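# Residue-level structural notes
Next come the chains, spelled out residue by residue.
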Amino acid sequence: MVRKSAKKKRTEEYKKHIGQVPGTLVYTGKKSDKDFHLECFDYTKENIEESILLNIEDVINYKDTDSVTWINVDGLKHTDKIEAIGKQYDLHPLVLEDIVNTTQRPKIDIYDDYLFVVLKMLYYDDKENIVIEQVCLVLGKNYVLTFQESEGDVFGHIRDRLRYANGRIRGLKSDYLMYALIDAVVDNYFSIIETLGNKIEDLETELFTGNAREDINVEVQQLKREILKVRRAIFPLREIISRIEKGEHRLIYKRTITYYRDVYDHLIQVSENIDIYREMIWSLMDMYMTTISNKMNEVMKVLTIMSSIFIPLTFLAGLYGMNFKYIPELEYRYGYFVLLGVMLLMFVGLLFYFKRKKWLR
Amino acid sequence: MVRKSAKKKRTEEYKKHIGQVPGTLVYTGKKSDKDFHLECFDYTKENIEESILLNIEDVINYKDTDSVTWINVDGLKHTDKIEAIGKQYDLHPLVLEDIVNTTQRPKIDIYDDYLFVVLKMLYYDDKENIVIEQVCLVLGKNYVLTFQESEGDVFGHIRDRLRYANGRIRGLKSDYLMYALIDAVVDNYFSIIETLGNKIEDLETELFTGNAREDINVEVQQLKREILKVRRAIFPLREIISRIEKGEHRLIYKRTITYYRDVYDHLIQVSENIDIYREMIWSLMDMYMTTISNKMNEVMKVLTIMSSIFIPLTFLAGLYGMNFKYIPELEYRYGYFVLLGVMLLMFVGLLFYFKRKKWLR
Amino acid sequence: MVRKSAKKKRTEEYKKHIGQVPGTLVYTGKKSDKDFHLECFDYTKENIEESILLNIEDVINYKDTDSVTWINVDGLKHTDKIEAIGKQYDLHPLVLEDIVNTTQRPKIDIYDDYLFVVLKMLYYDDKENIVIEQVCLVLGKNYVLTFQESEGDVFGHIRDRLRYANGRIRGLKSDYLMYALIDAVVDNYFSIIETLGNKIEDLETELFTGNAREDINVEVQQLKREILKVRRAIFPLREIISRIEKGEHRLIYKRTITYYRDVYDHLIQVSENIDIYREMIWSLMDMYMTTISNKMNEVMKVLTIMSSIFIPLTFLAGLYGMNFKYIPELEYRYGYFVLLGVMLLMFVGLLFYFKRKKWLR
Amino acid sequence: MVRKSAKKKRTEEYKKHIGQVPGTLVYTGKKSDKDFHLECFDYTKENIEESILLNIEDVINYKDTDSVTWINVDGLKHTDKIEAIGKQYDLHPLVLEDIVNTTQRPKIDIYDDYLFVVLKMLYYDDKENIVIEQVCLVLGKNYVLTFQESEGDVFGHIRDRLRYANGRIRGLKSDYLMYALIDAVVDNYFSIIETLGNKIEDLETELFTGNAREDINVEVQQLKREILKVRRAIFPLREIISRIEKGEHRLIYKRTITYYRDVYDHLIQVSENIDIYREMIWSLMDMYMTTISNKMNEVMKVLTIMSSIFIPLTFLAGLYGMNFKYIPELEYRYGYFVLLGVMLLMFVGLLFYFKRKKWLR
Amino acid sequence: MVRKSAKKKRTEEYKKHIGQVPGTLVYTGKKSDKDFHLECFDYTKENIEESILLNIEDVINYKDTDSVTWINVDGLKHTDKIEAIGKQYDLHPLVLEDIVNTTQRPKIDIYDDYLFVVLKMLYYDDKENIVIEQVCLVLGKNYVLTFQESEGDVFGHIRDRLRYANGRIRGLKSDYLMYALIDAVVDNYFSIIETLGNKIEDLETELFTGNAREDINVEVQQLKREILKVRRAIFPLREIISRIEKGEHRLIYKRTITYYRDVYDHLIQVSENIDIYREMIWSLMDMYMTTISNKMNEVMKVLTIMSSIFIPLTFLAGLYGMNFKYIPELEYRYGYFVLLGVMLLMFVGLLFYFKRKKWLR
């Protein structure tokens, strides 16, 4: 019941959106109880300043500096604040609309002064369900803006690398920062699909050993849906990275392109794995079907063996239970024992017959 | 019976069309009882004039003005009036033929002075069936003509935005008006496929819980056909918008292209969802097949258990119902009770056997 | 038997063709008893002359005139006459070979002075089978030659439009005449696939209502083959029209290209319908399989219910039919009636059990 | 057993090949007992000289003449002789390696002075199995070399046309000769796939009439494999001819290209037929599955009818075979006949029930 | 249990990798107990020097010589040593990261001074499982570096050809050496897929003869997975060779391109075979399904025949075992024998009936 109403509500939200003036900001996600949160890293090769911005107007200070700035926004519910940030960074109204509309497909929009990238961050929640959270990136000359639905992300390592000046990150420009962020998201995909792969292997083992639960098909179907979901979140990203890697925009320096190419290779690898898992899932359904058929076969064999052996014997017994006045066999002294012998012969003969047919092991 | 004759009639209409001189106007839709209706919006950034035109000749007044004009025509049955409008706006005879031929595939035809776009508006009727209505748009320098089969559409919000000068619409040209109209149609697709998705989820839940009705396969098939129908109506639109977005025609200003790109992204999203639903429908059929097989398995098990237990027992009973003169066991004082004991042992033994085979829970 | 020998014969004809000098004319069709027939329309905007040519040499007179000429040839068996016409119009030997080889795939060959188009005309014969007849068109500067296997075609309307100067046809060039001829063939495809669609819907209704005949799978298969056949005849035409429409040849005037584009759109529409029918046919087979399985399930249920109820009862009856000396129950006054009561209880209990399992309605 | 060892041997030969210096000649075919055979046609428009060359050194005489030369080599086992010929015609070592490696995929290699084409000749052997023989062609300025595994080919007609100056062949260059040879190979494909088509139709008829043998699935599978085999031999040829037809090499004159285009069209036709046969084969398996299910259904019905009718009757009979002291019905004068009547009623009632369910015809 | 923990560990390793600074070297393979091993061939047409390098610093000596050097590194676990080599040859950090990350997909990265190629070497281990080992190649002006997980490879023949100056290899540059190495890897693919093909044929024979084990479906599934695995390892290589063959890099001389084209042809051949095997595997599952169904059919027939014959006979016997006071038949002198006769007739009649239905052979 609860589920139904949840569905209805989502439809309502969709409908609310229809007919709106383009550029109107409507938050379509489910995390409407999350706080707004503004995190800022401003750094050069030498220095780094990390701060939590409480005043939205402060973001403008970081726009035209020479240092590189990463502003991370959590909490898309607060559309008015998103709009305020957007205005200060001269973002197109459609960009802002896309940021808060969390049902977006991953995409890249190229504007004169900035690149706008939508992608999906995947993680498992407490109940082992895959959660898909939208992350939007805006890459400007000296800044990267990121927008997330709620706190908690896969960027922890990057914050550390910034703070402690690990690797090249502090010495390079905003395009490298965006690479590092995307790379973190993509790296995380690997652990997601690894878990999917493990689930498939477990199901496979269960089916191969013949001890499969009867409702394993439900599980297979749910896994299939999960893979469809992950696929849809990941696949469009390939094209996006491919466009960045081709160096279509002056904000991406030649030096960084090698890194984007590396991300692209990773994505291809993830995609291939997903497609292989998909094919394996289909095979699992096939396996399940043959397993069912084999089980039915076994059931039928037991029935057939039992029936074929005892029905004729019962007939014989019935024959000599008849009350005819004159049945010569009944009069014989050892008639009963002779009949028992005949029955035993039939019994053994039929057993032998089924043995030869390999219905009995 | 009624259905058959309806089908025959449609075939007749097809045939009527065959061999006609190209450019002959033949209405092929089903809504032949609808009235003709001519609605006109003429606006600049400052003013707007809304009117119902009763005289077809009046449409010419809006052709070469500086203001932007939207003329909406309802009722394609009236081919003579369509032709009259077409003449005044110098439309190619094939364009007019396509407007009234409601079996068109979505398409775009590029002429020197105008763009001609055919697309499909989808909505649910009272019986929850999807209705597909053709909408034709002609985009000229300062005007947009729209042609619909009958009154009632998804453009209500746009009329309001025009009247109350919401958003940018009044300040921009006819190409933005066309964008707004197409966007309204595409936005509506989302609610259609949302409903399809809900139907699929309901069927899935039914199948997963094992309480599926026996004729659920009929429903699955009908859903499959609905998706095929929707797919055919929506998919060709992608290519159309893609061509507009590439800026192939001087009537589309650079400024508006961002908006068309946004529509394009939405269409891709809709298309992907449709394809996922399609795959899920196929999985549903698979699920249904395994469900049937599982049920059959259960039926067979009951039969096998019952038969395998009682047929041997019946044989034993028959054995001692025989009338042989000399059957020693019958003479024993407690022969009957010994046999009952043996039978009980067999009964328990077989139960245990089936339990171990997991045929009994 | 007859069918086999027909098949053998066709193979023979194939083989006859193998190893021939390229350019040798071998008629490969089945209509070898048809007469030769030469029909000629010569027209300008003002005049039209319609004639039956008896003398093949006369065709040369129409080659270099300013008027537009349509020469229609029926009866490909007469390869010598085809060759004579070919010589007078300077056709390449391979073109002539293709005209009489009716197993051609639809194609277009572009020569310097003319276009050669092979396409397939579809119609139903008396027994409701689809017949595929090859039509070849040669488009020259002022003439169109058409070659058909036998009399009877879909060009009746075009003859009338020529005679009575309907529409634009008399005022335009040979490229428009070819368009009109191809358009007539394509228009006819619509009624063919409409009939196919009706057949599919009928089968679907039969399967949905559960009253399907047992041999409905044979019908489904035959429909599948028909669709394959039609598909093969129609699909290659798309590419042909696409090449013409791109204006690759100077014989096609810019003015006419809009019309060819229109034919192209129609072809896409036909193709899409065919592919949807194809998918629906596959679904029909699925439906049929589930129908069979459901029926089997029902049969099994009846068997299981009957057996599970009566086999234990029969055992009980057998038990008290035994001839042991001492069976206390037999001595009781109302033993029989108590047993009857027990049996009734078991009967009702099992009925109730199967009712709860929903095996009984 | 024999088969296994044959397989092993092939693997051995593969392995022998691995790690060889590129350009080493290793014959990988099965026809190692065939003789070496060198056949030569040297011709101009006026003269033709046909000879069997016994001395390999003689081939060099034909290399730089103005006349066109066709040298046909049978017997690839003799790798030393192949190498000798190759040296005299300056063939690349990889070309020679490919000639004797009969597991090649059809391909074209373009060298500066010659074209190297590998294709597959198909024919049926005595046991109606398809045999695939590799034919290699080298087209030089004035010569064509052909290499076959063994004597016997489809070029008989071409030899005759050369000898008796049929058609254009003697008047044209080596590129036309190569066309004629390829055309002969392709023409032969038609009869191969015709036979395949006949086999499919026979199986289909068998399945449609319901008299299919039980092992028909084995035959269907073998046909499927044959089609895969033929497909692999034929499909790559399309690309080869397509490259020749695009006139990529100066050895192919413009005049001949029309002829190559014709071969290309034939290949497309063959390929389409193969793909249709493939789809039909899959349908056959579907048909077979439904046939099995239908048969099982019939078996189950017989069982169910027999059991459902006689099990309750047997119960009744058992009831009155009990030995209770007091069973009132047994005492009635006509008890037996009343019971017989009841049984008859039940019998007829059940028959009627199954009739209405359409399980009985 | 062991297997599970192994899986877990792999996931751990993945995770360790996530969030690392790009360019960090993490070995992801399973062969962490292997020794480090540095093998060096330095040669010109005249001389060759073969050595085992113990000191990593020595590798720099071979970098800028005129002779061609092949340095082969075994043991990727030793990431520090890999890094040292990488520094001396100026390899990009991402290249080094890829070398030790053995889950890479085959790929080519083109840098200014060198080409970096990742490919997969396949071989069977002792338990007949396919092992996939990653091989990385770096092609520089005068050197080729190869990196393998462990000792043992398919390059034995190449070492011999270098030592004994077999073929062209000593006379040509490093690009030919890389070709020779790749060719050796690809050649080995043939024997791998040959083995796969043999396995498929064996399974097919088993299924065709009807003697298939019941768990053959498990084997079919495992084969399917193996093919997926091989496919993923081999397919991307095609694109890599294709890019090399197009001569995109100045390190590849025109003379060598013919050889790379040859490798490409081999790869296409391998790929086609894999795809055919894949299709055959799917057919095997189909075959298996029909085999199961056929077996079930047979079981059902036996059950039906036995039941249908003896159940009615048992009923008759039961009828005359009733204890009615007055059953006239029981009194007849030969009643028993008459009944036996009737039973025999029924028995024969039913046998005949099943014979005609072809359920009995």
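What you see is a predicted model; the values in this text were computed from it and never measured. (Residues numbered from 1 in each chain as written. Chains lettered and ligands numbered in written order. Predicted model: local features only at pLDDT ≥ 70, side-chain atom pairs only at ≥ 80, totals over all residues. Heavy atoms only, no water.)

## Structural notes on the interface of chain E and chain A
Each partner contributes residues to the interface: chain E has 68 residues there, and chain A has 67 residues. Counting across the chain E and chain A interface gives nine salt bridges. Linking E201(A) and R225(E) is a salt bridge whose minimum nitrogen-to-oxygen distance equals 3.9 Å. Our count for the chain E to chain A interface comes out at 16 residue pairs in polar contact (both at pLDDT 80 or more). (Contact = heavy atoms within 4.5 Å. Salt bridge = Lys/Arg side-chain N within 4 Å of Asp/Glu carboxyl O. Polar contact = N/O pair within 3.5 Å; in protein donor to acceptor, adjacent residues only side chain to side chain.)

## Focus: the relation of the copies chain E and chain A
Mapping chain E onto chain A leaves a residual RMSD of 0.2 Å; the transformation is a rotation of 72° accompanied by 0.1 Å of translation along its axis. Given the turn and translation reported, the copies of this chain are related as if by a five-fold rotation axis. If distances are taken from each C-alpha of chain E to the rotation axis, the shortest is found for G321(E), at 4.4 Å. A share of only 16% of the interface residues of chain E reappears at the interface of chain A, consistent with the copies meeting through non-equivalent patches. (Least-squares fit on C-alpha atoms with pLDDT ≥ 70 in both.)

## Looking at the UniProt feature "coiled-coil region" (unreviewed entry) in chain A
The UniProt record marks residues 186-233 of chain A with the feature "coiled-coil region" (unreviewed entry), using the residue numbering of this structure. Along residues 186-233 of chain A, the helical share is 85% and the strand share 0%, with 11 Å between the first and last C-alpha atoms. (UniProt positions renumbered as here; feature names shortened; annotations may be inferred. Helix = DSSP H or I, 4+ residues; strand = E, 2+ residues; numbered from the N terminus.)

## Observations concerning the side chain of D74(B)
Residues and elements named next belong to chain B. Mapped onto the secondary structure, D74 falls in strand 3 (residues 68-74). Despite its burial, D74 pairs with no opposite charge, the nearest such side chain being R159 at 5.9 Å. With residues up to four places along the chain from it excluded, the contact list for D74 reads D35, F36, H37, Q148, E149, S150 and E151. (Buried < 20%, exposed > 50% of the residue type's maximum accessible area, 1.4 Å probe, protein only. Lys, Arg positive; Asp, Glu negative; His and termini not counted.)

## A word on the sheet that holds strand 5 (residues 115-124) of chain D
Residue and element names in this part refer to chain D. On the basis of which strands lie adjacent, the open sheet formed by seven strands has the order 2-1-3-7-6-5-4 and mixed pairing. Among the strands making up the open sheet, the edge pair consists of strand 2 (48-52) and strand 4 (107-110). Pairs of neighbouring strands in the sheet enclose a mean axial angle of 15°, with direction left out of account. The pairing of strand 5 with strand 6 (residues 130-139) spans 10 bridges and is classified as antiparallel. Within strand 6, the position partnered with Y123 by the bridge is V131. Sitting on the sheet, helix 3 (residues 93-100) touches strand 4, strand 5, strand 6 and strand 7 (143-148), and the angle it makes with strand 6 is about 160°. Relative to strand 5, helix 6 (residues 216-245) is tilted by about 150°, and along the sheet it contacts strand 4, strand 5 and strand 6. (Pairing = 2+ DSSP bridges. Axes fitted to C-alpha atoms, helices over the stretch in contact; angles between N-to-C directions.)

## Brief notes about the environment of T256(A)
Residues and elements named next belong to chain A. Here T256 lies in helix 7 (residues 254-319). With 78 residues separating them along the chain, T256 and Y334 place their C-alpha atoms 102 Å apart. For T256, the residues in contact, after removing those within four places along its chain, are D175, Y176 and Y179.

## Regarding the environment of I192(E)
Residue and element names in this part refer to chain E. Assignment of secondary structure puts I192 in helix 5 (residues 174-209). In this structure, the C-alpha to C-alpha distance between I192 and E298, residues 106 residues apart in sequence, is 39 Å. Once residues lying within four places of it in the same chain are set aside, the contact partners of I192 are L122, Y123, Y124, I130 and V230.

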